[in-house]
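# Structural overview for review
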Amino acid sequence: MQRVVIVTGGGRGIGAATALLLASRGYRVCVNYRKDHGAANSVVADIVAKGGSAMAFQANASIESEVEAMFSAVNQELGQVTHLVNNAGVLFTQSRLADIDYERFNKVMAANIGSCFLCCKAFINQLDGPGAIVNVSSAASRIGAPFEYIDYAASKGAMDSLTKGLSLELAEQGIRVNGVRPGFIHTDMHADGGEPNRVERLAPNIPLKRGGTPLEVAESIAWLLSDEASYVTGTFIDIAGGR
């Protein structure tokens, strides 16, 4: 079976590392992006230069019409989508809940859990065989991210619930749904939150005494998508150095 995967938010960080790794393992890859055309096309160029098959597609994964257009384009250019990595998401400046306005809360929920919902729905409706989904959650869903990102943590908690429920809905169809929960990974997202060196600050409190890399997360995603994890569904891998 030809494996075709969409990686949302695939232009940077964990998404880019995942797209590159999956391409190296024979997947045809759609690198989804919302704004950064250059970064997404750089990932695609890297894949193609190494003999892989890939395309970039601009779509806001929290807008249903754009998600549907993306799946249609990928089906036409790469083949039926058999695997999905829901990695798109946003993070805003560190803040206490009392200082977070409802507009920000809604933006976080739409970008993080809304995009996951829409992409899962589109994936299921176009697939006529077995497949696999990995949702990129966060350690924040377990620890709550107090004084920093309670809204982000809440969106990832919702993603965990969707992952578990959907895994049960789709099990008899041969579609596996799992999640990874990264924490303290060296990505640009910390700069989005206003503290580029957050991982370095927290490293002494992490049992492994260091931050993780996007590739370390990508390796877990790739395993969950693979046939090596054929008896694994509704499961989460925590990638947070022991926290």
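On a predicted model such as this, the values are computed, not experimentally measured, just so you know.

## Focus: the state of the cysteines
Counted by the stated rule, this structure contains zero disulfides. Left without a disulfide partner, Cys 119 is nearest to the cysteine sulfur of Cys 120, which lies 7.4 Å away.

## Concerning the UniProt feature "domain: Ketoreductase" (unreviewed entry) in the chain
Within this structure's numbering, the places UniProt gives as "domain: Ketoreductase" (unreviewed entry) are residues 3–174. Helix and strand shares over residues 3–174 are 52% and 15% respectively, and the end C-alpha atoms of the span are 15 Å apart.

## A look at the side chain of Arg 181
Topologically, Arg 181 is positioned in strand β6 (residues 175–182). Overall, the relative accessible area of 13% leaves Arg 181 in the buried class. Of note is the side chain of Arg 181, whose polar atom sits 3.2 Å from the side chain of Asp 160.

## With respect to the pattern of salt bridges
Summed over all chains, the structure comprises 10 salt bridges. In this structure, Asp 46 and Lys 50 form a salt bridge, with 3.3 Å as the shortest nitrogen-oxygen distance. Arg 96 is the partner of Asp 99 in a salt bridge, and the nearest nitrogen-oxygen pair spans 3.4 Å. A relative accessible area of 53% places Asp 99 in the exposed class. Linked by salt bridges that have partners in common, Arg 142, Asp 160, Arg 181 and Asp 238 make up one network.

## Side note on the sheet that holds strand β4 (residues 83–86)
Across the sheet, which stays open at both edges, the seven strands sit in the order β3-β2-β1-β4-β5-β6-β7 with parallel pairing between neighbours. Lying at the two open borders of the sheet, with one neighbouring strand each, are β3 (54–58) and β7 (236–239). Looking at each pair of strands side by side, their axes are set apart by 15° on average, direction ignored. By the bridge criterion, four bridges tie β6 to β7 in an arrangement that is parallel. The residue bridging Arg 181 from the neighbouring strand is Asp 238, located in β7. Against the sheet, helix α3 (residues 64–77) engages β1 (4–7), β2 (28–33), β3 and β4, with an angle of about 160° to β3. Seen against the sheet, helix α6 (residues 150–170) touches β4, β5 (131–136), β6 and β7 and runs at an angle of roughly 160° to β6.

## Remarks on the layout of surface pockets
Within this model, the second largest pocket holds a volume of roughly 170 Å³. Every residue lining the second largest pocket is counted, 13 residues in all, and those nearest its centre are Met 1, His 83, Leu 225, Ser 226 and Asp 227. Looking at side-chain class alone, the lining of the second largest pocket contains five nonpolar, five polar and three charged residues.

What counts and how
Residues numbered from 1 in each chain as written. Predicted model: local features only at pLDDT ≥ 70, side-chain atom pairs only at ≥ 80, totals over all residues. Heavy atoms only, no water. Disulfide = S-S within 2.5 Å. UniProt positions renumbered as here; feature names shortened; annotations may be inferred. Helix = DSSP H or I, 4+ residues; strand = E, 2+ residues; numbered from the N terminus. Buried < 20%, exposed > 50% of the residue type's maximum accessible area, 1.4 Å probe, protein only. Polar contact = N/O pair within 3.5 Å; in protein donor to acceptor, adjacent residues only side chain to side chain. Salt bridge = Lys/Arg side-chain N within 4 Å of Asp/Glu carboxyl O. Pairing = 2+ DSSP bridges. Axes fitted to C-alpha atoms, helices over the stretch in contact; angles between N-to-C directions. Contact = heavy atoms within 4.5 Å. 1 Å grid on protein atoms, 1.4 Å probe; cavity = no way out; pocket = protein on both sides within 12 Å on 5 of 7 lines; lining within 4 Å. Points joined across faces, edges and corners; volume = space filled by probe spheres on them. Nonpolar A, V, L, I, M, F, W, Y, C, P; charged D, E, K, R; others polar.

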